[in-house]
Amino acid sequence: MTATPREGHWLVVLSLLVALSLELTPLPGELATWRPPWLVLVMIYWVLRYPRRYGLALAWTSGLLLDVLKGGVLGQHALAMTIAIWLALRFHLRLRVFPVWQQTMAVGVLVLAHEFLVFWVDGVAGDALVSWQRVTPVLAALIAWPLMSGLLSGLRARVHMTT
Amino acid sequence: MSPLTQTDNKPLFDRGPSLGTRMVLLAILSVALMVLDHQQGHMETVRRALSVAVYPIRVLVDMPAATFGWTRESLSQRHRLVTENRELRMESLRQRGRLQQLAALRAENARLRALMESPAKRADRMQVAEILAVDLDPYRHRIALNRGGQSGIYSGQALVDADGIVGQVTRVSPLGAEAILISDPSHATPVELNRNNLRTVALGTGDLMRMELPFLPNSADIRVGDLLVSSGLGDAFPHGYPVARVTRVERRPGESFAQVEAEPTAALNRGRQVLLVWKGGETEPLATETLGGAGDEGGAP
């Protein structure tokens, strides 16, 4: 990989924007709770690949944007993103050498922490609905992670080949 | 795994605060934001600025649905459009016929109110807004609208559709707005029974087809099929719009309150358009005529 660090910034920004859009895309009724937490998945991918370039500040900012988009309490997703990305950065050396299935499980744990924080803040803010469906985003993330990281790796390789 | 770039190598000496410190600082910042936003509502200017910045994302997400609607309209066959047009014209005629009666009824109502020396009711001004096809949160019933402060929308404004009250505006930014549906578990609608003016409160349950009326005593005169209309108390909703129809009344002898459920009359999860209501926005010429300006003091707050 010969790319300088500046190249590929646009790919990161673009993927985060797409993730933000996917967080809002309408899903048919029963699938509404099965939405994978796209933003945190994309963010985990980038900090695992470039832990020195992208970090907590970007995670916090994109979490704040998600709060505004979803119309929830300001700071809710920012907090959850910060903690999840901190965990990812803390263990990135181990996470990035894991085989795919093991990495998926580890990402599942990070997403679980993320979802729990979101749920917790909902509870403190007073409008939490407790149901087993609260864990469905984690299951969806387990399915989405291998596909998404494969897609982003492909895109990354292609971009660096042409530029 | 691709080989590391130069910048990915850990430098010998870390500059700046450590990872843990940064995490703690950002976490504290988030908590401070949440407290300021949730308990005091101090962050409205920040939120407004940010929501203008991210509004294009909402429009972008809404685009497939909007394009789909537009394509279906432009590709539909001529004879279908003609049939639809004819039906709409018939409907319009029927409704205009009914409106003629309404004018007479309104005049009569104003005269009767004048006799009772109570202020006349004014007609409400309305504007159409479109619901953006975006999912905000599966556990809360919130919707995003395509009109905002620039169209004169204000926080707390009532939303209705063709069949009844939909919800109220919770947040306004210059370009868009957010609203809460009456079925949200944290929403309560002041209502009265259309049949006997019995006043109570209808709570949302998180289910689009069900509302609860938990504050009615066992002896209350309420039956299945009764229509609940907004009572206008609490100043949130204008008086007299349909809210829900009673679907279940259960009186248990051991308990002091009856268990009453109702189904919202408005199409909460269907339909793409809603009406925003300005309370008493239009002055009623008839009312001022008969009352000699007495209608100015009450009617609209």
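Residues numbered from 1 in each chain as written. Chains lettered and ligands numbered in written order. Predicted model: local features only at pLDDT ≥ 70, side-chain atom pairs only at ≥ 80, totals over all residues. Heavy atoms only, no water.

Caption draft 1: Structural context of the overall build of chain A. When helices and strands are counted, chain A shows seven helices and zero strands. Secondary structure elements of chain A occur, N-terminal to C-terminal, as α-α-α-α-α-α-α. At 16 Å, chain A has a C-alpha radius of gyration in line with the 15 Å of a compact globule built from 163 residues. By principal-axis analysis of the C-alpha atoms, chain A measures approximately 50 × 35 × 30 Å. The contacts in chain A between residues at least 6 apart in sequence include a share of 69% that link residues at least 24 apart. (Helix = DSSP H or I, 4+ residues; strand = E, 2+ residues; numbered from the N terminus. Rg over C-alpha atoms; globule rule 2.2 N^0.38 Å. Contact = heavy atoms within 4.5 Å.)

Caption draft 2: Structural context of the interface of chain A and chain B. Contacts between the two partners involve 50 residues from chain A, matched on the other side by 44 residues from chain B. Overall, the association of chain A and chain B removes approximately 4200 Å² of surface from exposure, summing both partners, and the carbon and sulfur fraction of that is 67%. Counting across the interface, chain A meets chain B through zero salt bridges. Where the side of chain A that touches chain B is concerned, the elements lending two or more residues are helix H1 (9-24), helix H3 (56-70), helix H4 (76-90) and helix H6 (100-125) of chain A. Broken down by element, the residue count for the side of chain A that touches chain B peaks at nine residues, all from H3 of chain A. (Buried area = accessible area lost by both parts, 1.4 Å probe. Salt bridge = Lys/Arg side-chain N within 4 Å of Asp/Glu carboxyl O.)

Caption draft 3: How the structure looks around the sheet that holds strand E5 (residues 177-181) of chain B. All names here are of chain B. With antiparallel pairing, the six strands of this open sheet are ordered in space as E1-E12-E3-E4-E5-E2. Since the sheet does not close on itself, it has two edges, and those belong to strand E1 (125-130) and strand E2 (142-145), each with one partner. For this sheet, the mean inter-axis angle between neighbouring strands, taken without regard to orientation, is 35°. Two strands pair when backbone bridges link them, and E2 and E5 are joined in this way by four bridges, in the antiparallel orientation. Of the residues in E5, the one forming a bridge with Ile143 is Ala179. Running over the sheet, helix H2 (residues 44-75) touches E2, strand E4 (165-172) and E5 and is turned about 115° from E4. (Pairing = 2+ DSSP bridges. Axes fitted to C-alpha atoms, helices over the stretch in contact; angles between N-to-C directions.)

Caption draft 4: Local environment of the sheet that holds strand E7 (residues 199-204) of chain B. Residues and elements named next belong to chain B. Taken together, six strands build a closed barrel; the order of strands is E6-E7-E8-E11-E10-E9 and the barrel is antiparallel. Taken together, the two bridges between E7 and strand E8 (residues 211-212) define a ladder with antiparallel strand orientation. Following the sheet pairing, Gly204 is matched in E8 by Met211.

Caption draft 5: The packing of aromatic side chains, seen in detail. All names here are of chain A. Per the stated rule, a full pass over the model turns up five aromatic pairs over all chains. Considering the side-chain rings of Phe116 and Trp120, the 6.2 Å spacing of their centres and the 15° angle between planes classify their relative orientation as stacked. One end of the pair is Phe116 and the other is Trp120, both in helix H6 and four residues apart, which spans about a single turn. Cluster of aromatic residues (ring-pair linked, three or more members): Tyr45, Trp46, Tyr50, Tyr54 and Trp145. Its end group placed over the ring of Phe91, Arg90 keeps NZ or CZ at 5.8 Å from the ring centre. (Phe/Tyr/Trp six-rings, centres within 6.5 Å; stacked < 30°, edge-to-face > 60°. Lys NZ or Arg CZ within 6 Å of the ring centre and 35° of its normal.)

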